[in-house]
There are 2 protein chains.
Amino acid sequence: MAIHQHVLNLVELCARKGIRQAIISPGSRSAPITLALARHPNMTTRAIADERSAGFIALGMAQQLRQPVILVCTSGSAVYNLAPAVAEAFFQEIPLLILTADRPKDWTHQQDGQTIYQTEIFGKHVKRSFELPADFEHADARWFAERATNEAVDLARTEPFGPVHINIPLREPLYPTVDERLGYGPVRIIEQLKSASALPAETWHQLQNEWETADRKLIAIGQGPHDPALLAVLKKISDEWRIPIVGDVISNVPRNQEFITQSDVFLSLSDEKIKEKLKPDLLITCGQSFISKQFKLFLRAHQPESHWQIQPHNRLADPFQSLTRLIPYEPTVFFEKLFSDIDYQRFVSNDEDEADTGFQETWQKLDRQATRLVRQFLKDDAVFHEWAVIQRILDALPVDSQLHVANSMPVRYVNLCGLDENQQIEVFANRGTSGIDGCLSTAVGAALTTEKPVTALIGDVAFFYDRNALWNNLIPANLRIIVLNNHSGNIFRIIDGPSRQPELDAYFETEQPLSAENTAKDAGLTYRKVTSYQELEAALPGFFVGEWAGLLEIETDKMTNAAQFQAYKALIQKTFNAD
Amino acid sequence: MAIHQHVLNLVELCARKGIRQAIISPGSRSAPITLALARHPNMTTRAIADERSAGFIALGMAQQLRQPVILVCTSGSAVYNLAPAVAEAFFQEIPLLILTADRPKDWTHQQDGQTIYQTEIFGKHVKRSFELPADFEHADARWFAERATNEAVDLARTEPFGPVHINIPLREPLYPTVDERLGYGPVRIIEQLKSASALPAETWHQLQNEWETADRKLIAIGQGPHDPALLAVLKKISDEWRIPIVGDVISNVPRNQEFITQSDVFLSLSDEKIKEKLKPDLLITCGQSFISKQFKLFLRAHQPESHWQIQPHNRLADPFQSLTRLIPYEPTVFFEKLFSDIDYQRFVSNDEDEADTGFQETWQKLDRQATRLVRQFLKDDAVFHEWAVIQRILDALPVDSQLHVANSMPVRYVNLCGLDENQQIEVFANRGTSGIDGCLSTAVGAALTTEKPVTALIGDVAFFYDRNALWNNLIPANLRIIVLNNHSGNIFRIIDGPSRQPELDAYFETEQPLSAENTAKDAGLTYRKVTSYQELEAALPGFFVGEWAGLLEIETDKMTNAAQFQAYKALIQKTFNAD
């Protein structure tokens, strides 16, 4: 009897609960899971050999779908290769359902192949880890497996979204014989209803009071997908109440006349008097992490009296060391209610808006100045360097497309450039753990899932680290990869500490000689390399056209890149501190 | 003050305790560890960008040195990329000292970059996980750090050897200023003395009794390095007492007139009468895992009355489901004492050896028959197939060299071939977890550490999975890589279950189209490809000559390989069951 009915039922339950996608790495212990998924009429399954890449491809898909994607691997160290993606999914709050095959627990540490300690192997980096029994004679075992699957799927897509693990020990035989047919179900669905959070009227009243007593209010948006409804209410608040709205490029708050997107540029100024003028009394935040180190340092040093974080769950993070209220509420709904309540209040009390409009002006003026400064700085075509290359790439991106920016230098550069609202670019980056280990695979997963053009902007170290992203037969035609090749971990020369050490070359920047050409050719991508602005301008327009995946490699000099960044920092200090 | 004195002292302690080698992956949080190691006069440090590969390179080094190698990475998902190597080191019992930089615990899960839950992150796959404090104002903190380092180093090299983890949270600033000088020590060494295990005379007496009452005794050696002293005593036992000694290729028990090395061939016969004749009364084992599935199945089905496992520690594994005594003793010393004690006993009692010599003969006869059969089968040059290719490679290996065999098919093929004693080949394979994830990196680490020629024999899937093994500037001239490219996970077509499934191609064997040529060229290796026996015979002699690393790619057809394996299985059944 090689029918593992509980595995078939697990897959049926997932399908009935709306999961449609699975990424599978080949293996023998996992065969019952693989077969159950591959033969299910409502599942789309894809095979990826390297589990590390498979994990991030599933993550890239789930990032787009905002639904759990199933991730399957066999027993043994294969499971550990999923761990980098699992950690990123946990901190980036991406739903994944990880199904790991295991030997029955009787066989752990018995010198038999591909057996490790898989129980709760992902530690605190999954929302929960279930482990199914290996034997199902007792009815309670079947009840548990069904109940656990129901819970696992819903837990992955309950705020905060995240990975959930089911470890599945399986006894041999693993493969059905020729005459055994796999049959799914029947299964019992336990539907988890969604409730919306509500605050008592008294609490709203307190919040309104605190709002009204704060002179200088600042709203800042952390990482999150493009959210038109949120942007609409933020725009209203910015327009009508003159409150500065700060975002950075991964928060998908685009640059327009209102929003402040260049804080990482102008907050690197050192003039304390200006910083005092920028300090809010009340800070309101939502979303996940911020990329702007300057913004974080500024707030930690110039703390608001009150800081509200609005988010649909209770997990407490305090990145500015200033949080005073955690408000469990869907941010858009919160801002809309706040706006209408206060608007109504003012209408009733015939109150004029007495906000300090100068506060927003100060932020906006600096933001515009920073935008001009960066634009001007990068326009200079005397020197070919990476940051200026990135600005030209951003200018050439297809309208209404996706940009996946890799860690660590590309995402910082892109944030310093900003993106205009009319470009309609949605930006993604693995900022949950900020690793370089799966940036390319994540973009591949996204490209497999969206119809839009997907551009992956990535440095050479992150590219080669994750080059197995391209070691499969799935690379979709809407994927474009731009490799910024300075043959090193250039960031270590650009940031302050390591650049002073004699070990910089050998242990930090660590030169790597490869060109992406062979990897591109192995993967069947069209390949082009440029080393000057002229070549870049010639290559860019055609690069985004056509129904085939392509790789553009841009080679720059690491010393020049670092020197240009130094020049920029000097310019900032001169410009803003002379204000 | 950017001097992290406790990190400097930790490195000084490691050096004073004899650790000399460190593998470092670049990172900023880990900078204090990197600098302390790089500037220490007695440490050799190497930089590897991909932590997954770095882990296995360190493992390959420690496998040679039988001393802990230090493995350093920065905070965040980098740590998880070490996990596959850590698990392999744990189950293969290789000493590693893993130093992971961390943010101070205050900052965990606060939306700040590269911060994950690193406390005890490797779970049960390290012998112990220490975590240093971030602050050292209190003298007890310094006492703890010093004591923990002392313990960690010695724990890694106490039987069973294995990985030990020290998590090191570090506060900024991370880099010394230009005028700050790093000074090591003074440190307090806590020396752990080694004791040898001894059994009470009464226990020895019991063992001797059990020995004498067992008619048919079998000694089987699991995975372990080449051990001349062990082989010498085993040879004596085999010669004088007519006891069959079984090993397989990873146990480094070579093929000679005495030893039984082809059990995986002849135990696949199905004649129960023959198997009954092979069944021991007393089984004595030492070493780690066995590769021969047939040997394991045979013993599980034909259990000895007594089974002693001799090993220098108390961790209980029972892979044949037959263990009756776990004897904590160094195997060579045990066998020598057993031999001399029983020899003396017999001399005193003027006892003739009444052992069943026919038992050894039965084993040896089948072994010789199997050797001839395989040799004959592989000699046929009508069809070009992988297994026969491997036999020719083994015949051509340099005398007194190392062979690193990858999972999963190559190590099985090599075991079926066997290696002659006069070839003096030491065989290594990652059979702790039997993963494909770091086989090439392990060979690179070994080649960096031994003067001998190192040949890595690896299939295409394992090769590309771990191709970042070659993404560094360290590839030594004594490394030779042989890629057996059948463009798939061919094992799934060869083993029984998946080959019957309609999903074989898409989800198990999963074709991959790459040639190793581009990867070889990127890594600066000499490259040659062969597709026939003639080309192979022409290429092999020159391949092992010369002071440069090389890669030989051998392309075979997956269908032919599978068909040949089927033919072999039919031949076995015909040959042995007609006996």
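Residues numbered from 1 in each chain as written. Chains lettered and ligands numbered in written order. Predicted model: local features only at pLDDT ≥ 70, side-chain atom pairs only at ≥ 80, totals over all residues. Heavy atoms only, no water.

Moving on to the pairing of strand S6 (residues 163-169) of chain A. When a strand is regular, its side chains alternate between the sheet's two faces. All names here are of chain A. Here S6 lies mainly inside the structure; seven of its seven residues are buried. Side chains of S6 alternate between two faces, with Pro163, His165, Asn167 and Pro169 and Val164, Ile166 and Ile168 buried alike. Summarising the sheet, strand S5 (residues 128-131) and S6 pair through four bridges and their orientation is parallel. Note on S6: the bridge partner recorded for glutamate 131 is asparagine 167. Note that the unit made of S5, helix H5 (residues 139-156) and S6 has a crossover that is right-handed. (Buried < 20%, exposed > 50% of the residue type's maximum accessible area, 1.4 Å probe, protein only. Helix = DSSP H or I, 4+ residues; strand = E, 2+ residues; numbered from the N terminus. Pairing = 2+ DSSP bridges. Right-handed = clockwise from strand over helix to strand, strands pointing away.)

A separate point is the domain arrangement of chain A. Residues and elements named next belong to chain A. Parsing chain A into structural domains produces domain 1 (5-169), domain 2 (201-357) and domain 3 (380-578). Where domain 1 packs against domain 3, one counts one salt bridge. The partner of arginine 66 in a salt bridge is glutamate 426, with the nearest N and O atoms 4.0 Å apart. Applying the counting rule to domain 1 against domain 3 returns eight residue pairs in polar contact (both at pLDDT 80 or more). Those elements that provide at least two residues to the side of domain 1 that touches domain 3 are strand S2 (44-47), helix H3 (51-65) and helix H4 (77-92). The element that contributes the greatest number of residues to the side of domain 1 that touches domain 3 is H3, accounting for ten residues. Classifying every residue of the side of domain 1 that touches domain 3 gives eleven nonpolar, five polar and five charged. (Domains from an automatic or database assignment. Salt bridge = Lys/Arg side-chain N within 4 Å of Asp/Glu carboxyl O. Polar contact = N/O pair within 3.5 Å; in protein donor to acceptor, adjacent residues only side chain to side chain. Nonpolar A, V, L, I, M, F, W, Y, C, P; charged D, E, K, R; others polar.)

Residues spaced three or four apart along an α-helix face the same direction, because each turn holds 3.6 residues. Residues and elements named next belong to chain A. With 18 residues, helix H11 (residues 331-348) ought to run about 26 Å at 1.5 Å a step, and its terminal C-alpha atoms sit 25 Å apart, in line with that. Listed as buried for H11 are Pro331, Thr332, Phe334, Phe335, Leu338, Phe339, Asp341, Ile342 and Arg346. In this structure, the buried residues of H11 make contact with helix H6 (201-213), strand S7 (217-221), helix H7 (228-241), strand S9 (282-286), strand S10 (306-311) and strand S11 (325-328). For H11, the side-chain oxygen to backbone nitrogen distance between the N-cap and threonine 332 is 3.2 Å, and the N-cap itself is glutamate 330. (Expected span 1.5 Å × (residues − 1). Contact = heavy atoms within 4.5 Å.)

Right, let's get into the nonpolar core. If you look at the biggest cluster of nonpolar residues, it comprises 117 residues, and the most contacted ones within it are A:Phe122, A:Phe463, A:Ile481, B:Phe463 and B:Ile481. Not counting residues within four places of it along the chain, the set of residues in contact with A:Phe463 comprises A:Leu440, A:Ile458, A:Leu470, A:Ile481, A:Val483, A:Ala516, A:Thr519 and A:Leu551. (Core = buried A, V, L, I, M, F, W, Y, C linked by side-chain atoms within 4.5 Å.)

Residue and element names in this part refer to chain B. Between helix H13 (residues 386-396) and helix H21 (residues 533-543), the shortest axis-to-axis distance is 11 Å and the interhelical angle comes to 20°. In this view, H13 runs roughly parallel relative to H21, as classed from their interaxial angle. Judged by the twist between their axes, the crossing of H13 over H21 is right-handed. In this structure, H13 uses Ala388, Val389, Arg392, Ile393 and Ala396 to contact H21, whose residues at the interface are Tyr533, Leu536, Glu537 and Leu540. For the contact of H13 with H21, the class distribution of residues is seven nonpolar, no polar and two charged. (Axes fitted to C-alpha atoms, helices over the stretch in contact; angles between N-to-C directions. Parallel < 35°, antiparallel > 145°, perpendicular 65-115°, else oblique. Left-handed = near helix turned anticlockwise from the far one by under 90°.)

Under the UniProt annotation, "domain: Thiamine pyrophosphate enzyme TPP-binding" (unreviewed entry) lies at residues 438-541 of chain A. Strand forms 17% of residues 438-541 of chain A and helix 42%; the C-alpha atoms that close the span are 27 Å apart. (UniProt positions renumbered as here; feature names shortened; annotations may be inferred.)

On to the sheet that holds strand S9 (residues 282-286) of chain B. The pairing of strands in a sheet happens through backbone hydrogen bonds and is either parallel or antiparallel. Residue and element names in this part refer to chain B. The five strands lie next to each other as S8-S7-S9-S10-S11, forming an open sheet whose pairing is parallel. Each edge of the open sheet is held by one strand with a lone partner, namely strand S8 (245-247) and strand S11 (325-328). Within this sheet the neighbouring strands show an average axis-to-axis angle of 20°, counted without direction. Two elements, S9 and strand S10 (residues 306-311), share five bridges in a ladder whose sense is parallel. Residue pairing for S10: isoleucine 284 is matched across the bridge by tryptophan 308.

Now for the interface of chain A and chain B. Residue-level contacts link 86 residues of chain A with 85 residues of chain B. Carbon and sulfur atoms supply 54% of the area that chain A and chain B bury against each other, a total of about 7500 Å² over both sides. Area buried by chain A at its contact with chain B is led by A:Gln111, A:Trp471 and A:Tyr507, which between them contribute 11% of it. Summed over the shared surface of chain A and chain B, the number is eight salt bridges. Here B:Asp50 makes a salt bridge to A:Arg52, at a shortest N to O gap of 2.7 Å. Among the elements that take part in the side of chain A that touches chain B, H4(A) stands out by supplying eight residues, more than any other. (Buried area = accessible area lost by both parts, 1.4 Å probe.)

With that out of the way, let us pick up the sheet that holds strand S16 (residues 526-530) of chain A. All names here are of chain A. Spatially, six strands are ordered S13-S12-S14-S15-S17-S16 in an open sheet, and the strand pairing comes out parallel. The outermost strands of the open sheet, each flanked by one partner alone, are strand S13 (426-428) and S16. Each strand axis lies, on average, 20° off the axis of its neighbour in the sheet, ignoring direction. Taken together, the six bridges between strand S15 (residues 479-485) and strand S17 (residues 550-555) define a ladder with parallel strand orientation.

Residue and element names in this part refer to chain B. The contact between helix H6 (residues 201-213) and helix H11 (residues 331-348) brings their axes to 11 Å, and the two run at 70°. Accordingly, the angle class assigned to the pair H6 and H11 is roughly perpendicular. On H11, the residues touching Trp204, Leu207, Gln208, Trp211 and Glu212 of H6 are Phe334, Lys337, Leu338, Asp341, Ile342, Gln345 and Arg346. Classifying every residue of the contact of H6 with H11 by side-chain character gives six nonpolar, two polar and four charged.

Here we take up the side chain of B:Asp367. Within the element layout of this structure, B:Asp367 appears in helix H12 (residues 357-379). Those residues in contact with B:Asp367, other than ones at most four positions away along the chain, are B:Phe259, B:Ile260, B:Thr261, B:Gln262, B:Ser263 and B:Phe266.

A few words on the pattern of salt bridges. Residue and element names in this part refer to chain B. Scanning all chains against the criterion turns up 63 salt bridges over all chains. We note a salt bridge from lysine 452 to aspartate 400, for which the minimum N-O separation is 3.0 Å. Highlighted residues: lysine 452 in the loop between helix H15 (439-449) and strand S14 (454-459) and aspartate 400 in the loop between H13 and strand S12 (402-405), separated in sequence by 52 residues. For lysine 452, a relative accessible area of 30% puts it in the partly exposed group. Lysine 558 serves as the salt-bridge partner of glutamate 509, at 3.4 Å between the closest nitrogen and oxygen. Taken together, the residues glutamate 509 in helix H19 (residues 504-509) and lysine 558 in helix H22 (residues 558-577) connect sequence positions 49 residues apart.

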